[in-house]
Amino acid sequence: MRWVTFIWAVVIGACATMALPHLLIGIKRKTWENLFFAIAALSVAGIACGELAIMHSRTAEEVGRAIQWTHLPVFFLVLAIVGFVRFYFGTGRLWLGIAACVARLVSLVINFAFPPNLSFREITSLRQFSFLGETIAMPEGVVSPWTHLGELSSLLVLAFVVDASLTLWRRGTSEDRRRAVVVGGSITLFILVAAGLSALVHAKVIDLPYLVSFPFLGVIAAMGYELSRDVLRAAQLARELGEKERRLDLAAQAGGLGMWRWDVANDQVWMNEKGRSLFGFAPQDKPNAERFRSRIHSEDREAVRAVAAKALPVGADYETEYRVVLPDGAIRWLHSRGRVELGADGKPCRVHGVSSDVTERKLSEEALLESEMRFRTVADAAPVMIWMSGTDKLCNFFNKGWLDFTGRTMEQELGNGWAEGVHTDDLEHCLEIYGSSFDARQPFTMEYRLRRNDGEYRWLLDIGTPRFSDNGEFLGYIGSCIDLTERKQAELDHQLQNMELARVGRVTLMGELAASLAHEVNNPVGAMVTNANAGQRLIARGNVETEELNDLLADIVADGHRAREVIEGIRNMVRRKKTTHALVRLDEIIRDLLRIVKADALTRKVALTTEIDSKAGSVMADRVQLLQVLLNLTLNAFEAMSVIRPDARRLVIRADRNGEGEVLVRVRDSGPGFPSGIVEQFFEPFFSTKAEGTGMGLTIARSIIEAHGGTLSGENCDDGGACFIVRLPEAKEDKSKTVYPVHGGPAELKEITEEAPRML
């Protein structure tokens, strides 16, 4: 029996048998992996034919032509392997596959351009030997150097397959990894086996014919096995899908859902029983796309068409609501969801959808919308400003009164946008009340300033009330606001009147005090004058007695001491000593100030902060008097902040230069600031907003600073609080003659610390 012919014929038949069904599948379904598998199987069959022709050749010319034509199916085999791996795995560096195909194409051109073929430059003889009971021929001659180009192509194919398999292994599922091992591993293994056998045959290490078709038959078997698994799995999935569709149809019927499918290519629409009922089609009707669209209400038809036109080209899902008009004239609202399925050519082939009747919901929404419109009409006509918020604390409605007041649009106010118009001094307190009341679901009342459309801040009284549904579910808040500015101004005017009355009372009291002091001083001074006159009369008579004169002088001295004590009391109150100015560093004097007021700040819960510019420099001043002024301002600030929350009490002392030859010291608090229009009155004698104050503290402080050639002023800050500013000439050099002769020691600082509260 001719076993060689038989075995190779079996290989050819097996490859052709495996190729034909996949060729039909690939052409019909346009699946590239099936097409490339069919090409690969037919190429292996062609290689087997070439090997059989080589073994049965009788002359050198015959074997040369046989080898030459065998390189043609080898080229298609390389092309098919690269294409199959690329489309079946979806991985691999494309440039490697292209390089392998190009190298094999170039070798194919050289194969036919330079006879006898790519493998031999010259065939000198035929070597005949017995193989499987037959005498076969093998060529011998000079090997062509172009053979290495074919080997390079095989190497590139091997690299491409290995790269694609490793990538699929890393990225894929367990099924993908199995494919990588079965297909990628078999291709790699059999390429190596084929290359090894060919090399051994060329080197005459083994006495065998070319057996390239047999290793690649293993590759075809592995590829065919995987494709067959996919076909079987697809059939199983189809059966499962059919079962799921039946279950889905049953569920859709139970849920009142109408299912439909549009075959775009054939323009046929399939509907289940509920779908036909929703659209008004009889069981015998065969609707198409046009009849389907004709059921849609004319006013909604264009909107539905636009939604579908947007989804069809890209295969996207879509969702829409529209009205349908039934044959009996009834109108029904439908909610539809659709999914577009694209074919292999990227064009829509089918559209699956489901529709449900939402007529009752739409009617309820329309009734709710009508109710909301009535509410908005009433709210806009109300003489107060109305707002509403949801359960997320964000405002979702403002009436016309609010929008007209602020001059902003609804979009600008929604959410937390309304807070942009609240005065910065009131915002934190406002949000705190709103947030705490919201969390507790309790009504609240608060006052704050809101910017009007002309830029003026107006005081509002805001009353918020929680909203609940019939079953007790919290829905948010509704609030109303009224303008309190006139009432606030009336309260401020009343406060100013009370302050003025208090000032008049203090002036009257100080007048009485001055009269009392004058009386106390006049008594000893009058006695001194009387005794001096008596002494003069005694001297004029010429009968002066030494003892009598001594008594007069003693009385005068006693009365002088008594007057000095009265004046000393006034001096201790006003504390104006003539001292020598010396060079004083601002950072040192502020450090002394902090040491003095530290305990008081802790008691009053005031946060002290200093901002001292390193270039602030020094001034020529009396250290004690300058410290006295800063102490006065600091304690005043402590008093001003006593009316606010302890956690909001902040005092900042800042020292720097203004570039005009002046050194500035700012004492800034976070208190309520000065009442409008009375800043300068604070520096007038006997003017004070404190019931226990003398009204002389700031007057004395200003006189001290002016005596140093500077100025003292006060102002309200934009973001709240008051600020006193001390301006002094910057010291260029030390012109002092004496360094703190009276006031420099710790004892004097202690005296000022103890005395300052009484002066203020």
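These figures come from a predicted structure and were not determined experimentally.

Colleague: For the packing of helix H2 (residues 32-55) against helix H3 (residues 60-89), give the residues involved together with the corresponding values.
Modeller: Packing of H2 against H3 brings their axes to within 8 Å, and their N-to-C directions diverge by 160°. The pairing of H2 with H3 is recorded here as roughly antiparallel in orientation. Considering the relative orientation of H2 and H3, their crossing is left-handed. Here the contact of H2 with H3 is composed, by residue class, of 21 nonpolar, five polar and two charged.

Colleague: Can you explain the sheet that holds strand E6 (residues 331-342)? Please cite residues and give values.
Modeller: Strands sit in the order E4-E3-E7-E6-E5 across an open sheet of five strands; the sheet is antiparallel. Only two strands of the sheet have a single neighbouring strand rather than two, namely strand E4 (268-271) and strand E5 (317-325). Across this sheet, the average inter-strand angle for adjacent strands is 25°, counted without regard to direction. Note that strand E3 (residues 257-263) and E4 share four bridges and pair antiparallel. When the bridges of E4 are listed, Trp262 appears paired with Val269.

Colleague: Residues and numbers for the packing of aromatic side chains, please.
Modeller: Counted under the stated rule, the structure contains 22 aromatic pairs. Plain terms: the ring middles of Trp69 and Phe112 are 5.0 Å apart, the flat faces sit at 70° to each other, and that makes the pair edge-to-face. One end of the pair, Trp69, is in helix H3; the other, Phe112, is in helix H4 (residues 94-113), with 43 residues separating them in the sequence. Between Tyr88 and Phe89, the aromatic rings sit 6.2 Å apart at their centres with planes inclined by 35°, giving tilted as the arrangement. As far as burial versus exposure is concerned, Tyr88 and Phe89 are alike and both buried. Members of the aromatic cluster, joined through ring pairs, are Trp387, Tyr434, Phe438, Phe444, Phe468, Phe474 and Tyr477. The side chain of Lys362 reaches across the aromatic face of Trp333, ending 4.4 Å from its centre.

Colleague: Give me the pairing of E6: which residues, what numbers.
Modeller: Alignment of E5 against E6, held across nine bridges, turns out to be antiparallel. Pairing of Glu319 across the sheet is with Arg337, part of E6. Here E5 hands over to E6 after five residues, with Gly329 in that stretch at a positive phi of 90°. Sheet topology places E6 next to strand E7 (residues 348-357); nine bridges connect them, and they run antiparallel. Across the sheet, Ser336 pairs through a bridge with Ser355, a residue of E7.

How each quantity is defined
- Residues numbered from 1 in each chain as written.
- Predicted model: local features only at pLDDT ≥ 70, side-chain atom pairs only at ≥ 80, totals over all residues.
- Heavy atoms only, no water.
- Axes fitted to C-alpha atoms, helices over the stretch in contact; angles between N-to-C directions.
- Helix = DSSP H or I, 4+ residues; strand = E, 2+ residues; numbered from the N terminus.
- Parallel < 35°, antiparallel > 145°, perpendicular 65-115°, else oblique.
- Left-handed = near helix turned anticlockwise from the far one by under 90°.
- Nonpolar A, V, L, I, M, F, W, Y, C, P; charged D, E, K, R; others polar.
- Pairing = 2+ DSSP bridges.
- Phe/Tyr/Trp six-rings, centres within 6.5 Å; stacked < 30°, edge-to-face > 60°.
- Buried < 20%, exposed > 50% of the residue type's maximum accessible area, 1.4 Å probe, protein only.
- Lys NZ or Arg CZ within 6 Å of the ring centre and 35° of its normal.

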